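Residues per chain are reported as follows:
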Amino acid sequence: MNSIKYLFISLVVVIFILVISGSQKDITTRPHYPTDIKETSNHHFLVTSKGDKTVVLYTPEFDKPVRTWAFEDVPTGIATRGDYAYITTFGTTGKVHFLNLKTGKIEKSMTTGSGANTPLLSPDGKTLYVLNRFENTVTRINLNSRQINGSVEVFREPFKAVIDSKGRYLYVNNFLPAQRADIDTVAASVSVIDLDDFKKIKDIQLANGSNALSGITLSPDGRYVFVTHTLARFGLPTSQLLQGWMNTSAMSIIDVSTLEKTATVLLDDPERGAGGIWGINSSADKIVITHSGTHEISVIDYPSFLDKFNSYSNKNSLNYDLTFMHGIRRRIPLTGNGPRDFVISGNEAIVTTYFSDILNWVNLDDGQIRFVSLNENRVESQIDKGERIFHDAAYCFQNWQSCNSCHPGDGRADGLNWDLLNDGVGNPKNTKSLLYSHVTPPSMISGIREKAEMAVRAGFTHIQFAEISEDHALSVDKYLKSLRPVPSPYLIDGKLSKKAERGKKVFEKLGCGACHSGPYYTDLNMYRIGQDIEFEKGWDTPTLIEVWRTAPYLFDGRAATMKDVYTIHKHGIGKQVSEEEIEELVEYVNSL
């Protein structure tokens, strides 16, 4: 009897194990979306992930996670030194967390500013700098006292930064331009902060059309700062893509000794773009750049680069020379989709792919690659698929650009005017954010597209010069519908400030709600308002949600700030209002 009983129990256990083993194969996980990677002092690696809001510590071979830390908000960057990692996160507020890697405990968390990202340590390890992207500031933290001891305002949306080899200057990439768009030169800048007195001393404007400033690093010899970015040819009608007619991928060069931009070189080839340029790092003799839209890296031989650069007679023309990189760099395809930030360890670049959760080791000497999945059971939703397609230059003729090229920062706007052919030629319009575009028809400021679904499909056909399947288009629709606004940095603890409360009364007094009404602050109608009305119906009424993020304003970006909208262009100002009331109105609208 006992033997039968034990046999029965054993059979049940075996069946249970088989069922569990089989079910494990069926387990699926959401994409992790790795965003940053840093090496620790004992040669392990920390990886931040947006999808599951984690930071994971891996062994050198990434064969298994050593430890995982889950955060309430999305981790946006890491800095490491000794036994500590400093991790920035952002959701409704921006924070930096002090993680003791020995104990595994977060010893302190502090609020820095909206859009906290890219923590950066001073060379002596005594100071931490945090970029607050949506507050347009850089925060300084004393690591001995663990207290904030300064803040500096920069240009617009600080995104990445690097400190020079002497530890004197902090160079800050500003993601977008910050001027009106209806002028000849529109470009983003690199802000320079003197670290001795912690003051901004200069904004170095890059070449005309420079936007989406992504990566920044020092040259191997410390003589230059290299900045990766999109270079837009916004002065041309969008009639073709050959030879980088619309967008090219570029690297700007700043001379550390003079604090001046010396040149901008292109990273595309004459008949194949390198769309989606992202991160940049340097080793002892190489410059390495990720191309997120074409899923590869560029490895540039630095001595050869210097020789060619120094002998180039007219450096002002480099930003049109698609042959400059010939013979001095290799384009190495990676396994996975969407390489962004990466580290160089020894003679290898260790690169995560944002849209695949795959990590690549690239030997910088011979170009050999090995890879490992960080999420073997990864399954995309339709939203995930749409986001990937939106950022993928494979859905563009010759890979020059993706949807993200004109709508960087999660489907927002590049701050430029473009002469699209859907409403004529010679009448450029300012790029609109795609946030809530599907629920606030019509599309385009001229209302030329009845709804956003039409605009998505027309964009691939007439801007990317590519055809996509209806399934792919529906996925992009789904992604854009999933976008949600970033909480305004003008809010205080998620609520209107007293100044904004007063501005709300001004908004009501002036009757702004007659057009900007409802949950999206638009009545979805067209109006003949302002000057230079091109079409009989006038202009579309845009949403005011996240308007703080979408400068410049009006149909051709003629207003650099929301204050200019009211004071210079008198938009909606039909009654006598004081300067104080204008300031309050601006505060309220920027809080939406």
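Residues numbered from 1 in each chain as written. Predicted model: local features only at pLDDT ≥ 70, side-chain atom pairs only at ≥ 80, totals over all residues. Heavy atoms only, no water.

On to the overall build of the protein. In terms of helices and strands, the protein carries 10 helices and 33 strands. Compactness check: the protein gives a C-alpha radius of gyration of 25 Å against a globular reference of 25 Å for 592 residues, within 12% of the reference. The C-alpha extent of the protein, read off along each of the three principal axes, is 95 × 75 × 55 Å. Burial statistics for the protein: of 592 residues in total, 56% are counted as buried. Summed over its atoms, the accessible surface of the protein is roughly 25200 Å², and 52% of this surface lies on carbon and sulfur atoms. Put simply, the protein has 63 plus and 69 minus side-chain charges, and the middle of one group is 4 Å from the middle of the other. (Helix = DSSP H or I, 4+ residues; strand = E, 2+ residues; numbered from the N terminus. Rg over C-alpha atoms; globule rule 2.2 N^0.38 Å. Buried < 20%, exposed > 50% of the residue type's maximum accessible area, 1.4 Å probe, protein only. Areas by Shrake-Rupley, 256 points an atom, 1.4 Å probe, with all protein chains shown as cover. Lys, Arg positive; Asp, Glu negative; His and termini not counted. Charge placed at Lys NZ, Arg CZ, Asp CG, Glu CD.)

Attention now goes to the nonpolar core. If you look at the biggest cluster of nonpolar residues, it comprises 21 residues, and the most contacted ones within it are M562, Y566, L585 and V589. Looking at this core, the elements with two or more residues in it are α8 (498–509), α9 (562–567) and α10 (579–589). With 5 residues, α10 is the single largest residue contributor to this core. Ignoring any residue separated from it by four or fewer positions in sequence, one finds Y566 in contact with H571, I573, I582, L585, V586 and V589. (Core = buried A, V, L, I, M, F, W, Y, C linked by side-chain atoms within 4.5 Å. Contact = heavy atoms within 4.5 Å.)

The next thing to look at is empty space enclosed by the protein. Tallying each qualifying case throughout the model produces 2 cavities of 30 Å³ or more. Approximately 60 Å³ is the volume found for the largest cavity. Lining the largest cavity we find H32, P34, V47, S49, D52, T54, V56, Y58, D357 and L374. Among the elements of the structure, β2 (45–49) and β3 (54–58) are those that each provide at least two residues to the lining of the largest cavity. (1 Å grid on protein atoms, 1.4 Å probe; cavity = no way out; pocket = protein on both sides within 12 Å on 5 of 7 lines; lining within 4 Å. Points joined across faces, edges and corners; volume = space filled by probe spheres on them.)

The next thing to look at is the pairing of strand β12 (residues 147–153). The side chains of a regular strand alternate between the sheet's two faces. Here strand β11 (residues 137–142) runs beside β12; their pairing, made up of 5 bridges, is antiparallel. Looking at the pairing, N142 lines up with Q147 of β12. What sits between the antiparallel neighbours β11 and β12 is a turn of 4 residues, in which R146 has the positive phi angle 55°. (Pairing = 2+ DSSP bridges.)

Here the focus is the packing of aromatic side chains. Given two aromatic rings, one states the distance between the centres and the angle between the planes to describe the pair. All chains considered together, the criterion is met by 27 aromatic pairs. An angle of 90° between the planes, with centres 6.0 Å apart, marks the rings of Y33 and F355 as edge-to-face. With Y33 in the loop between α1 (2–26) and β1 (34–39) and F355 in the loop between β27 (348–353) and β28 (358–363), the pair connects residues that are 322 residues apart, well separated along the chain. No difference in accessibility class separates Y33 from F355, as the two residues are buried. An aromatic cluster of at least three residues, connected via ring pairs, comprises Y224, F226, Y302, F305, F309, Y312 and F324. Between the NZ or CZ atom of K315 and the centre of the ring of F309, over which it lies, the distance is 5.0 Å. It is R370 that lies over the ring of W361; its NZ or CZ is 4.2 Å from the centre. (Phe/Tyr/Trp six-rings, centres within 6.5 Å; stacked < 30°, edge-to-face > 60°. Lys NZ or Arg CZ within 6 Å of the ring centre and 35° of its normal.)

With that settled, consider helix α6 (residues 452–462). For α6, the full list of buried residues reads A452, V456, A458, G459 and F460. Residues of α6 that are buried make contact with α3 (382–391), α4 (403–406) and α7 (470–482).

This part covers the sheet that holds β1. Here we have 4 strands laid out as an open sheet, ordered β1-β2-β3-β4, and antiparallel in their pairing. Sheet topology places β1 and β4 (65–70) at the edges, where each strand pairs with a single neighbour. When strand polarity is set aside, the average angle formed by the axes of neighbouring strands in this sheet is 20°. Pairing geometry for β3 and β4, over 5 bridges, is antiparallel. Bridged to V56 within β4 is T68. (Axes fitted to C-alpha atoms, helices over the stretch in contact; angles between N-to-C directions.)

Here we come to the pattern of salt bridges. One pass over the full model with this rule turns up 34 salt bridges. Residue D36 is joined to K38 by a salt bridge in which the shortest nitrogen-to-oxygen separation is 2.9 Å. What makes D36 buried here is its relative accessible area of 5%. Among the residues examined, K38 registers a relative accessible area of 27% and is labelled partly exposed. For D540, the salt bridge identified is with K432, shortest N-O distance 3.2 Å. (Salt bridge = Lys/Arg side-chain N within 4 Å of Asp/Glu carboxyl O.)

With that settled, consider the confidence of the model for the protein. With 95% of its residues at a pLDDT of 70 or more, the protein has an overall mean of 94. The low-confidence segment residues 1–25 (pLDDT under 50) makes 0 contacts with residues lying over four places distant or belonging to another chain. (pLDDT = per-residue confidence, 0-100.)

Attention now moves to the environment of N316. Tracing the backbone through its elements, the reader meets N316 in the loop between α2 (302–311) and β25 (329–333). C-alpha separation for the pair N316 and T93, spaced 223 residues apart in sequence, amounts to 42 Å.

A few words on α10. Of all 11 residues that make up α10, 8 are buried, and the element is covered over most of its length. Taken together, the buried positions of α10 are E581, I582, E584, L585, V586, E587, Y588 and V589.

Contact geometry for α6 and α7: axes closest at 10 Å, N-to-C directions at 125°. Looking at the two axes, α6 sits oblique to α7. α6 and α7 meet at a crossing whose hand is right-handed. Where α6 approaches α7, its residues E453, V456, R457 and F460 are matched on the opposing element by E470, A473, L474, V476, D477, L480 and K481. (Parallel < 35°, antiparallel > 145°, perpendicular 65-115°, else oblique. Left-handed = near helix turned anticlockwise from the far one by under 90°.)

Bringing a nonpolar patch on the surface into the picture now. Together, L242, F397 and F465 make up a nonpolar patch on the protein surface, roughly 250 Å² of accessible area in all. Its location among the elements puts F465 in the loop between α6 and α7. (Patch = residues over 30% accessible without salt bridge, like charges linked within 9 Å, V, L, I, M, F, W, Y side chains within 5 Å.)

Under the defined criterion, the tally for this structure stands at 0 disulfides. Of all cysteine sulfurs in the structure, the one in C406 sits closest to C403, which takes part in no disulfide; the separation is 9.0 Å. Using a relative accessible area of 16% as the deciding quantity, one classes C403 as buried. (Disulfide = S-S within 2.5 Å.)

Below, the discussion takes up the pairing of strand β19 (residues 224–232). Counting buried positions over the 9 residues of β19 gives 9, a clear majority of the element. Across 2 bridges, strand β17 (residues 210–211) lies against β19 in antiparallel orientation. Its bridge partner lying in β19, S210 is registered against L231. Here strand β18 (residues 216–218) folds back onto β19, and the loop between the two strands holds 5 residues, one of which, G222, carries a positive phi near 75°. Sheet analysis places β19 next to strand β20 (residues 247–255), joined by 9 bridges and oriented antiparallel. By the bridge assignment, T228 is partnered in β20 with M251.

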